[in-house]
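Fold and geometry: a report
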Amino acid sequence: MDTLQQEGGELEWRESARWVKFEEKVEEGGERWSKPHVSTLSLHSLFELRTCLQTSSILLDLEGYSLPQIVDEIVEKQIQDGLITAELREKISFVLLRKHRHQTKKPIHRSLADIGRPNLSNRDHDQSRSMNDISVTLNTDQLKNKFMKKIPKDAEASNVLIGEVDFLDKPFVALVRLAQATTLGGLTEVPVPTRFLFVLLGPHGKAKSYSEIGRAIATLMVDDLFSSVAYKARDREDFIAGIDEFLKEVMVLPPGEWDPKIRIEPPKNVPSAEMRKSVFSLNELGQANGSVGGGLAVDKDEELPATQLMGEELTFTGRFCGGLWLDVKRKLPWLLSDFYDAFHIQSISAVLFIYLGCVTNAITFGGLLGDATDNYQGVMESFLGTGLAGTVFCMFGGQPLIIISSTGPILVFEKLLFEFCKSYSMDYLELRLWIGLHTCFQCLILVATDASYVIKYITRFTEEGFSSLISFIFISDAIKKMVEAFHNYPINTNFRPDSITAYKCECLAPGQGVLNSSSSVVSDNLTGSALYNATGVEWSQMNRKDCLKNGGTLAGSSCSYIPDLALMSLILFFGTYSMTISLKKFRFSSYFPTKLRNLFADFATVISILVFCGLDHLVSLDTPKLHVPTDIKPTRPDRGWLISPFGKSPWWLYLVSFLPALLLTILIFMDQHITAVIVNRKENKLKKGSGYHLDLFWVGLLMAACSFFGLPWYVAATVISIAHIDSLKMESESTAPGEQPQFLGVREQRLTGILVFVLTGASIFLAPILQFIPMPVLYGVFLYMGVASLSGMQFWERVKLFLMPAKHQPDFVFLRHVPLRRVHLFTIVQITCLAVLWTLKSTVAAIVFPIMILGLIVVRKMLDLVFSQHDLAWLDDVLPDKDKKKKEDERKKKKKTKGKDCDDDEECC
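Residues numbered from 1 in each chain as written. Predicted model: local features only at pLDDT ≥ 70, side-chain atom pairs only at ≥ 80, totals over all residues. Heavy atoms only, no water.

Details of the overall build of the protein
Within the protein, the regular secondary structure consists of 33 helices and 16 strands. Scored against the burial criterion, the 909 residues of the protein give a buried share of 49%. Excluding contacts between residues fewer than 6 apart, the proportion of contacts in the protein whose partners are at least 24 apart in sequence is 78%. Approximately 44,800 Å² of the protein is accessible, and the part contributed by carbon and sulfur atoms is 60%. (Helix = DSSP H or I, 4+ residues; strand = E, 2+ residues; numbered from the N terminus. Buried < 20%, exposed > 50% of the residue type's maximum accessible area, 1.4 Å probe, protein only. Contact = heavy atoms within 4.5 Å. Areas by Shrake-Rupley, 256 points an atom, 1.4 Å probe, with all protein chains shown as cover.)

Quick look at the packing of helix α22 (residues 658-679) against helix α24 (residues 718-727)
Interhelical geometry of α22 versus α24 gives an angle of 20° and a closest axis separation of 10 Å. Comparing the axis directions of α22 and α24 gives the class roughly parallel. Along this stretch, α22 crosses α24, giving a crossing that reads as right-handed. Facing α22, whose interface residues are Asp671, Thr675, Ile678 and Val679, α24 presents Thr718, Ser721, Ile722 and Ile725. Here the residues of the contact of α22 with α24 are counted per class, giving four nonpolar, three polar and one charged. (Axes fitted to C-alpha atoms, helices over the stretch in contact; angles between N-to-C directions. Parallel < 35°, antiparallel > 145°, perpendicular 65-115°, else oblique. Left-handed = near helix turned anticlockwise from the far one by under 90°. Nonpolar A, V, L, I, M, F, W, Y, C, P; charged D, E, K, R; others polar.)

So, the confidence of the model for the protein
Chain-level pLDDT for the protein is 77 on average; 79% of the residues reach the 70-or-more range. Taking the mean pLDDT of every element in the protein, the minimum, 34, falls on helix α9 (residues 292-298) and the maximum, 93, on strand β9 (residues 194-202). The model gives residues 514-536 a pLDDT under 50, and that stretch makes 38 contacts with residues more than four places away or in other chains. (pLDDT = per-residue confidence, 0-100.)

With respect to the pairing of strand β7 (residues 157-164)
Burial runs high along β7: six of the eight residues are buried. Two elements, strand β1 (residues 2-7) and β7, share two bridges in a ladder whose sense is parallel. Residue pairing for β7: aspartate 2 is matched across the bridge by leucine 161. Relative to β9, β7 is paired through eight bridges, and the arrangement is parallel. (Pairing = 2+ DSSP bridges.)

Points about the pattern of salt bridges
According to the stated counting rule, one finds 27 salt bridges in the structure shown. One salt bridge in this structure joins arginine 215 and glutamate 23, with 2.8 Å as the shortest N-O distance. Highlighted residues: arginine 215 in helix α5 (residues 207-221) and glutamate 23 in strand β4 (residues 23-25), separated in sequence by 192 residues. In terms of burial, arginine 215 and glutamate 23 fall into one category: buried. Notably, a salt bridge pairs glutamate 265 with lysine 35, separated by 3.2 Å at the nearest N-O pair. On the criterion of sequence distance, the pair formed by glutamate 265 in the loop between α7 (236-249) and α8 (273-285) and lysine 35 in the loop between β4 and α1 (43-55) is long-range, its members being 230 residues apart. By relative accessible area, which is 47% here, glutamate 265 ends up partly exposed. In the salt-bridge network here, residues are joined through shared partners; they are Asp338, Asp341, Lys688 and Arg750. (Salt bridge = Lys/Arg side-chain N within 4 Å of Asp/Glu carboxyl O.)

A short note on the nonpolar core
Counting 127 residues, the largest nonpolar core has Ile354, Ile404, Ile435, Leu664, Trp713, Ile720 and Met785 as its most contacted members. Here this core takes twelve residues from α22, the largest share from any one element. Excluding anything up to four places from it in sequence, isoleucine 354 contacts Ile403, Ile720, Ala723, His724, Ser727 and Val756. (Core = buried A, V, L, I, M, F, W, Y, C linked by side-chain atoms within 4.5 Å.)

Considerations on the sheet that holds strand β5 (residues 57-62)
In spatial order, the strands read β5-β8-β9-β7-β1-β2-β6; together these seven strands make up an open sheet with mixed pairing. Here the strands that pair on one side only, and so sit at the sheet edges, are β5 and β6 (100-101).

A closer look at α5
With 15 residues, α5 extends 21 Å between its outermost C-alpha atoms, agreeing within 8% with the 21 Å of an ideal straight helix rising 1.5 Å per residue. Counting buried residues in α5 gives eleven out of 15 residues, a clear majority hidden from the surface. (Expected span 1.5 Å × (residues − 1).)

Some thoughts on the side chain of serine 337
Position of serine 337 among the secondary structure elements: in helix α11 (residues 337-340). Within the local environment of serine 337, its side chain forms a polar contact with the backbone oxygen of tryptophan 334, the two atoms lying 2.9 Å apart. Ignoring anything within four residues of it in the chain, the contact list for serine 337 reads Lys688 and Glu748. (Polar contact = N/O pair within 3.5 Å; in protein donor to acceptor, adjacent residues only side chain to side chain.)

Description of the packing of α24 against helix α27 (residues 775-790)
Geometrically, a packed helix pair is captured by the angle between its two axes and the distance between the axes. It is at 9 Å that the axes of α24 and α27 come closest, and there the two elements cross at 75°. In terms of orientation, α24 lies roughly perpendicular with respect to α27. Contacts between α24 and α27 pair Val719, Ile720, Ile722 and Ala723 from the former with Met785, Gly786 and Ser789 from the latter.

Points about the packing of aromatic side chains
The tally for this structure, following the rule as stated, stands at 13 aromatic pairs. Summarising the aromatic geometry, the rings of phenylalanine 812 and phenylalanine 814 are spaced 5.3 Å apart at their centres and angled 10° between planes, so their arrangement reads as stacked. Each of the two residues, phenylalanine 812 as well as phenylalanine 814, counts as buried. The ring of tryptophan 33 is capped by arginine 18, whose NZ or CZ atom sits 4.0 Å from the centre of that ring. Over the ring of tryptophan 713 we find arginine 432, and its NZ or CZ is 4.2 Å from the ring centre. (Phe/Tyr/Trp six-rings, centres within 6.5 Å; stacked < 30°, edge-to-face > 60°. Lys NZ or Arg CZ within 6 Å of the ring centre and 35° of its normal.)

Structure below.
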């Protein structure tokens, strides 16, 4: 929007505001743009605009290629309509063709063509028009303006010209729509072609009113619905109708309850034009606020049910391997793009982040497996198994964004199986092999019979219960490791700075005794080096290790001193977690350019790890480091790489192992598919489809392969898979000023997963580098992944509502439609289920853990007896059979209503 100003006795058009999506004003002094803000219009200005359009000249589809030509057409139209006299032609044309000064330019001095000209009020206008008044070609400032990056491609401009003149006694108003968008030289700040032109000139004394009318039309032109009307309008009445529709949606702020000087910040999310149309249509139909259909249709912030995405991808074919065949057909067209779509710098960040998570997971679960199975499986098996199984799955699986790994439930099953074998003197690896083979067979049967169709009944209730359990396992394991550090490296609480001179520790030769009764003695009873010849060697000069090795004793009050490694580990642990969280949020900061902020956010985990590894190296304390095996051999020396299926157990055990395999199959089926449902959620905007049957097919085959080689079993890891998705999310780079970057989807490809698992398998060769990474740093990464996977869960938001007074509770959509006591009841049911799962996982009853996970679906179905379908639609998802029944009831109701109408209407027949 340009306003008419007088500079040094000369008139010029000066840019005062602009709109791409939100309003920006030129601040006082004209040296900077304001922060983008929501346009707050006075209701009176909209009514005045409506009146102006009713009485003004409107030129639609005007063939105009230059501003002088367009101005001539406007003035001629006004004369024809009798709105102005012919004597005002030159005066109005002269004003409209004055030079335009944009905010990026310095004040323009009078041109040579204007020198000597009298003031506008008494000049001769016969020679007033000059092509020098407004540039007809693009200048350097326009071509180099960086603001073009903020403007969408193929955008067109609407120019608003507002001014006061002394030769008019009533407003001169015109609205022009050009047939083709045309670049009108220096009219615009940037080289964007103009499609619409609104002119308002009027007598002196109403500058504020004119400015508000100009802001009103400018705000309307960036509104999606009104601009659509403006492009399609056939006459004046269509524009009036567009304003009326806009007025129906306008919200009025009472003048005495807010400060109009405050600029409203742009919202994080704004409803699209389609959603606004949906709202309007629902209101027109008189649909009750809060109805299930309406709410899910119009609410953008609310998560849409994941089952909506499965509609076409999960259909019961009734054919042998029908679902598997559909998955293969769906994924084949994307095979090439699954590799070249990974060529982006963001993929490097994702690989490094997930690789460190997988390495930490492999070492952690490898160590736990070693403790639970007496080293029949250990860190070496964990590395090789992760590399082998993960690479195969990401190469051929249906959803390569899923990261497979050893999980807590699988670890519990392995521990129980080993204890059973140990109690009854059975061969653990052989029985494990047969359980793996039966599990593979059962998984293939499930694939062949389209059993994955059952996951249509996995609603948000089941998803959030299972993923919360896994997230809490990650968080608790990370904290447990840090607590262990305080036990292994106790803090020296008895240290007294004033007694520093009394702290000493000396090495004494065997039989020499102690210095005094108050001194402590540390000796090594494993070696008695009486034969050790200490000739020429000072015992007091030996270090601790050599002293104890050679039979000496350590005496002194500081011999038991341990550096404060626990405190340093705590700093590394929380420092890594805090910095990662902060850098992830840095994307939305106001500091530095957008690309730099995105780079910091993408590499947040890598930067945090490097910073705190550097801090650890700088302090040079002997903190616990990452230990990676260097020799490729089984952890237990008395076992080989290939497990024989026969010879060590009775034949009937090969058949009976079908029963524990059934429990394992249930666990794998639920774990794999719940993670897949979470990854394939509609809000992730995945475009390449899912592959539930194909995923289970490869997981089953890998179960058999890993069993033959004595490697750990692998299934989808919920937390790491969510982290993989988050690290590959794409956001719009070109956004309007003030507009938050829009989520575009996920960079779907196979290469990052393949590289992660190849690097994990090759980590045994990277031991010289990885050994410098402190374990507390990796525990910090574990904590971040656990906490990050909780964020965004409706369950977690509802849990926090227990601690909030009602007046401070966020404006969640489900709180608008469901009573708070019902929300709390639903949350308590989820917390109870989560507590039961956690208890079972931690006790001897863990063998029924897989059945209890399956029981979540049963519990959810029972909730239909306690909650209404309306409440469940907002708090969870409506089950498919309930949804179908509801539609049938509505269809019958419509038929009944229609029949009744026909009975009342004589013309119905």
